[in-house]
Amino acid sequence: MIVITNPFAVENEINIIHSLFEEGLSLLHIRKPDFSEIEMTQFIHEIKMEFRTNLVLHSHHQLAEDFGINRIHFSEKARKNSHESPARFSKPCRYSTSTHSIEDFNSLSTEFNYAFLSPVFTSISKEDYYPKENLFEALKSRTNNNTKVVALGGINSENIQKTLENGFDDIALLGSIWNNENPIKQFKLCQKIALSFSV
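Residues numbered from 1 in each chain as written. Predicted model: local features only at pLDDT ≥ 70, side-chain atom pairs only at ≥ 80, totals over all residues. Heavy atoms only, no water.

Considerations on the side chain of His-18
Relative to the elements of secondary structure, His-18 occurs in helix H1 (residues 13-22). Accessibility expressed as a relative area gives 9% for His-18, which makes it buried. With residues up to four places along the chain from it excluded, the contact list for His-18 reads Glu-46, Ile-47, Lys-48 and Phe-51. (Helix = DSSP H or I, 4+ residues; strand = E, 2+ residues; numbered from the N terminus. Buried < 20%, exposed > 50% of the residue type's maximum accessible area, 1.4 Å probe, protein only. Contact = heavy atoms within 4.5 Å.)

Have a look at this one:
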């Protein structure tokens, strides 16, 4: 199970991030599109050293080596830009990316360990962001089995089981965590459901 940071600042954010890791979060995607390189550096500095290997950078990829981060995420736009490909990184990294159709997912190169496919449901965090097609139906046309497919968009405790039962390999949470009054309690609930399914 993956958690993506809120794009905007959240009260008590670093403490919440530490608590999520302490509760067993495996990967945190740092998606802060408006952050400058200095802001990103400061943000990562605040996260305990022991959790750095569980971080995934969405931007300012050049900082990865400085912080011992070996996970890089490419937005759909960045992936399609030849200057922003995994090939430009000399150090071995694990790569992920974002896709919005099964055709796009199927055409990914084998360099990508996993990819988000979204939106599966109506987004919790983004207004007017909802599925243009039934991604559960679309997944039946999956031909790419080298890359794990991760559900994103509107994922919450009520639909995790359905999502994992219908072909997705994993789930990513954003709005269901950061828009909740008690993010840690919500994370634990979602984690319990996801773990019970995978056993």
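Here the narrative resumes, following the displayed structure.
Thoughts on helix H2 (residues 37-46)
Given 3.6 residues per helical turn, the α-helix brings residues three or four places apart onto the same face. Taken as a whole, H2 has its buried residues at Met-40, Phe-43 and Ile-44. Burial along H2 is one-sided: seen end-on, the buried residues are contained in an arc of 95°. Along H2, the residues that are exposed and aim more than 90 degrees away from the buried face are Ile-38 and His-45. Check the buried side of H2 and you find it contacts H1, strand E2 (27-30), strand E3 (55-57) and helix H3 (64-67). (Arc of directions from axis to C-beta.)

Considering the pattern of salt bridges
Summed over all chains, the structure comprises eight salt bridges. Here Lys-188 ties to Glu-23 by a salt bridge, and the two come within 3.9 Å at their closest N and O atoms. In this pair, Lys-188 is assigned in helix H9 (residues 183-198) and Glu-23 in the loop between H1 and E2, connecting sequence segments 165 residues apart. Of the residues examined, Glu-23 reaches a relative accessible area of 32% and is grouped as partly exposed. Linking Glu-76 and Lys-80 is a salt bridge whose minimum nitrogen-to-oxygen distance equals 3.7 Å. Judged by its relative accessible area of 58%, Lys-80 is exposed. Here the salt bridges do not stand alone but share partners, grouping Glu-76, Arg-79, Lys-80 and Asp-104 into one network. (Salt bridge = Lys/Arg side-chain N within 4 Å of Asp/Glu carboxyl O.)

Quick notes on the side chain of His-29
For His-29, the position within the fold is in strand E2. Under the relative-accessibility criterion, His-29 is labelled buried at 0%. One polar contact links His-29 to His-58, side chain to side chain, over a distance of 2.7 Å. Every residue in contact with His-29, bar those within four places of it in the chain, is listed here: Ile-2, Val-3, Ile-4, Thr-5, Val-56, His-58, His-73, Ser-96, Tyr-114 and Phe-116. (Polar contact = N/O pair within 3.5 Å; in protein donor to acceptor, adjacent residues only side chain to side chain.)

Brief notes about the packing of aromatic side chains
With the rule as written, the count across this model stands at seven aromatic pairs. For the pair Phe-35 and Phe-43, a centre-to-centre distance of 5.7 Å together with 70° between the ring planes defines the contact as edge-to-face. On the basis of an interplanar angle of 45° and a centroid distance of 6.0 Å, the ring pair of Phe-74 and Tyr-95 is categorised as tilted. Of the two residues, Phe-74 sits in strand E4 (residues 71-74) while Tyr-95 sits in strand E5 (residues 94-99), which places them 21 residues apart along the sequence. A relative accessible area of 8% means that Tyr-95 is categorised as buried. An aromatic cluster is built from Phe-74, Tyr-95 and Phe-112, whose rings are joined through pairwise contacts. (Phe/Tyr/Trp six-rings, centres within 6.5 Å; stacked < 30°, edge-to-face > 60°.)

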